[in-house]
Amino acid sequence: MASEDFAVEVDGVVKRFGSLHALAGVSLRIRQGEVYGLLGPNGAGKTTLIRSLVGLVKPEEGSVTVLNRRMPNLDVLAHVGYMTQQAALYPDLTVEENLRFFAAINGVHGGIREALEVVGLWDRRGSIVSSLSGGMRTRCSLACALVHKPELLLLDEPTVGVDPLLRMQLWDRFQKMAREGTTILVSSHVMDEAERCDRLGLIRFGRLLAEGTVAQLQARAGVNRLEDAFLKLSEASAA
Amino acid sequence: MSRRRILAITRRLLQQFRHDRRTLALLFGAPLIILALLGYILRGGGDVPAMGVVNLDEGPLGALVASTLESSRTVAASRMSRQEADAKLHAGDLAGYVLLPADFTNRAQQQHAVVLGVELEGTEPALSGTIMQAVGQAFTALASQAGGVRFATQVSYLHGGANFDTLDYFGAAFIGLVVFFLVFVVTTVAFLRERSQGTLERLMASPLRRPEIVLGYMLGFTVLALVQAIEVLAFSLLLLHVHNSGNVGLIFLLEALMAIVAVNLGIFLSMFARTEFQAVQFIPLVIVPQMLLSGIIFPVTTEPGPLQVLSRLLPLTYAVTGMRDIMIKGADLSWSSLQLDLAVVLGFAILVIIAGATTLRRRIA
Ligand SMILES: Nc1ncnc2c1ncn2[C@@H]1O[C@H](COP(=O)(O)OP(=O)(O)OP(=O)(O)O)[C@@H](O)[C@H]1O
Ligand SMILES: [Mg+2]
């Protein structure tokens, strides 16, 4: 089966909120073990697209297939890790209690130490989440998405507010996980992060404007910097 | 102090209300609804307590008292035989009856004190009081006609007793209520927080089934509610000495059922609130009308007809009746009235569990 290789298949997905087209016919495929970057300005539809992958958004048209299972499908979600854009945690529990909970609802027991070490929060495992700094909360939220070792990781702007050093470490980690077979979809505005993705999708007004590796996109736009490529491709499609 | 800064806060507050029409509607609508309801209950011309008059008197005075009572507006009195009166009292159709003895006229004319038997059902102090009052008034009327009749009443109670007080009556209902209302509010707010802090989104993006979420919540809060129920019960029975002639296990069973209803009603209704602020609004909308209509304060039988229908639709009415039947009348599971109460509360619990689970699903799509 040819579809075996794709962790995510999105086919002509349309989602409206009232008269607004949050997704206006998006199709994309993400290969297994790939780091796919979703780039786009505020309100482009990145979060809506990610939410449609986990069945939180029900498309009016089109289909979504995740790990070879047509969505919505609850069982497949045990193999998906979703990090929401806003750190979604229980503020009155400790870091470790939060992780334990998210591990348990995904049907696993261990992995807490490992997940916390990835984000550098093992030392703070006993802290109440509401007492953490903003960046630490983001990291804790990321750890909660990793804790059950998912095959597919959906990260909605995972490094916002994270300091440069840790951000670099996290990206090393993402790439290592991808090499080990985890598929990662990550949304971002940050161009230097985008350069570390295997492939990029540029999204705007709910449409996928362009897709490809960094080099491909730069070549298509005829510029050397990804940022310029992004701007140029956005303008080209708007015109 | 800067006037501008103060006014900035004031303006912002009013603007917020403009965007939250619901709170505004509640602010101005709820007091009217609650007061209208209260007015209707108290002045809507509901039923007055039913009482029996057993006239054994061989002379004319007994008939005089009986007809005075029958024309009374505060009670619905009717003449009947003693057997009939006893039967109706046991069935709960009479709040009480007065027994006019055979030698009534005789003794009254000889200026002896007349001893009246008053049999009261006793569950509801308010009704008992009304009957005693009506009897007293009938004798005042008699005294003004026949001159100087002295009388004494010998009161006996089917349930409770002379030292059965208002706390005994309200206590039974409130034991159930306290648990119900607190659990309801706590669940609603907790579930809303799950929504506002974004963790519900995470739960929905996990393999968790909606019924699993609802059941998990239910278990967690039910454990809390049961501990609370034990505490409330122990305090009421051991320290306040609230009258109880029933089985403590049964009281607890009913409380547990109410707690389950409260938890699931909380989950269900939290779907209709966006903020914790809006959740608190369910207190005047859901809780106050139930307080007024479930017979906790005003006996359902004395409400105006249409409100009685409404009362019979509220689960709390059955819970309160059940609680009083157990604690005051010593009802056990062989009583058909208690079976009905438990069945209705149980049925309602199942209904809200289903409602909670289905709304959860619909909200997410
Ligand atoms: N629940 C909703 N109800 C109404 N409109 C919504 C809802 N969710 C998203 N939208 C709208 O859909 C559009 C896309 O939103 P989305 O959150 O997907 O953007 P985004 O690309 O994630 O933006 P950002 O970079 O700011 O996170 C926006 O215009 C937004 O207002
Ligand atoms: Mg977003």
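Residue positions are given per chain, counting from 1 as you read along its sequence in written order. Chain letters and ligand numbers both follow the written order, the letters beginning at A and the numbers at 1. At least 70 in pLDDT is required for a residue's local features to be given in this predicted model, at least 80 for side-chain atom pairs to be given and counted, and no such filter applies to totals for whole chains, interfaces and linings, which use all residues. Side-chain measures here rest on the full set of heavy atoms in the structure, leaving out hydrogens and waters.

Asks: Help me out: how do you make sense of the domain arrangement of chain B in this one?
Replies: Often, the extent of an interface is quoted as the loss of accessible area on bringing the components together. Residues and elements named next belong to chain B. Residue ranges for the domains originate in an automatic or database domain assignment. The domain boundaries assigned to chain B delineate domain 1 (50-157) and domain 2 (166-364). A straight line from the C-alpha centre of domain 1 to that of domain 2 covers 41 Å. Residue contacts follow a heavy-atom distance rule, with two residues in contact if any of their heavy atoms lie within 4.5 Å. In this complex, domain 1 contributes five residues to the contact, which on the side of domain 2 involves six residues. A buried area of about 520 Å², summed over both sides, lies between domain 1 and domain 2, and 72% of it is on carbon and sulfur atoms. Defined here as a combined quantity, buried area equals the accessible surface (1.4 Å probe) lost by two parts on assembly, summed across both. On the domain 1 side of the contact with domain 2, T123, E124 and P125 bury the most area, a combined 71% of that side's loss.

Asks: I would appreciate a short explanation of the site of ligand 1 in the present structure.
Replies: Residues and elements named next belong to chain A. Around ligand 1 there are 14 residues in total, and G43, K46, T47, T48 and Q85 lie nearest to it. Nitrogen and oxygen atoms within 3.5 Å of one another constitute a polar contact, given that in protein one can donate a hydrogen and the other can accept it, and given that sequence-neighbouring residues count only through two side-chain atoms. T47 places a polar side-chain atom, nitrogen or oxygen, 2.6 Å from an oxygen atom of ligand 1. A distance of 2.6 Å separates an oxygen atom of ligand 1 from a polar side-chain atom of T48. Residue burial considers only the protein chains on display, and all accessible areas are found by Shrake-Rupley using a 1.4 Å probe. Burial of ligand 1 by the protein chains amounts to 63% of its free accessible area of 630 Å². In this description a helix means any DSSP run of H or I spanning at least four residues, a strand means any run of E spanning at least two, and both kinds are numbered starting from the N terminus. Residue assignment for the shell around ligand 1 shows that the elements contributing at least two residues are β2 (20-31) and α1 (46-53). What makes a residue near a molecule or strand is one non-hydrogen atom of that residue sitting within 4 Å of it.

Asks: Looking at this structure, I do not really get a nonpolar patch on the surface. What am I missing?
Replies: Residues and elements named next belong to chain B. A grouping of L167, F235, L238, L239 and L240 is seen on the molecular surface, where their side chains present a nonpolar patch of about 510 Å² in accessible area. By residue number, the principal contributor to the nonpolar patch is helix α9 (residues 210-239), which donates three residues. With respect to the helices and strands, the residue L238 is situated in helix α9. Using a 1.4 Å probe on the protein chains alone, a residue whose accessible area is under 20% of its type maximum counts as buried, one over 50% counts as exposed, and one in between counts as partly exposed. Overall, the relative accessible area of 62% leaves L238 in the exposed class. Like charges are joined within 9 Å and nonpolar side chains (Val, Leu, Ile, Met, Phe, Trp, Tyr) within 5 Å, but only among residues with over 30% relative accessible area and no salt bridge; these make up the patches. We define a salt bridge as a contact between a side-chain nitrogen of Lys or Arg and a carboxyl oxygen of Asp or Glu at a distance within 4 Å.

Asks: Where do I start with the interface of chain A and chain B in this structure?
Replies: Contacts between the two partners involve 24 residues from chain A and, on the opposite side, 17 residues from chain B. Of the roughly 1,800 Å² buried between chain A and chain B on both sides combined, carbon and sulfur atoms contribute 56%. The largest share of the area that chain A buries against chain B comes from L56(A), L74(A) and I105(A), three residues that together contribute 33% of it. One salt bridge in this structure joins R51(A) and E201(B), with 2.7 Å as the shortest N-O distance. Run the count over chain A and chain B and you get eight residue pairs in polar contact (both at pLDDT 80 or more). Contributions of two or more residues to the side of chain A that touches chain B are made by β6 (80-83), α2 (95-105) and α4 (134-146) of chain A.

Asks: Honestly, the nonpolar core in this entry has me stumped. Any pointers?
Replies: A general trend in soluble globular proteins is that nonpolar side chains are found buried together. For our purposes a nonpolar core is just a set of buried Ala, Val, Leu, Ile, Met, Phe, Trp, Tyr and Cys residues, chained together by side-chain atoms within 4.5 Å. In terms of nonpolar packing, the biggest core is built from 142 residues, with L99(A), L116(A) and L154(A) touching the most fellow members. With 13 residues, the top contributor of residues to this core is helix α10 (residues 248-270) of chain B. Each residue touching L99(A), except ones within four places of it in the same chain, is listed here: I112(A), A115(A), L116(A), C140(A), A143(A), C144(A) and V147(A).

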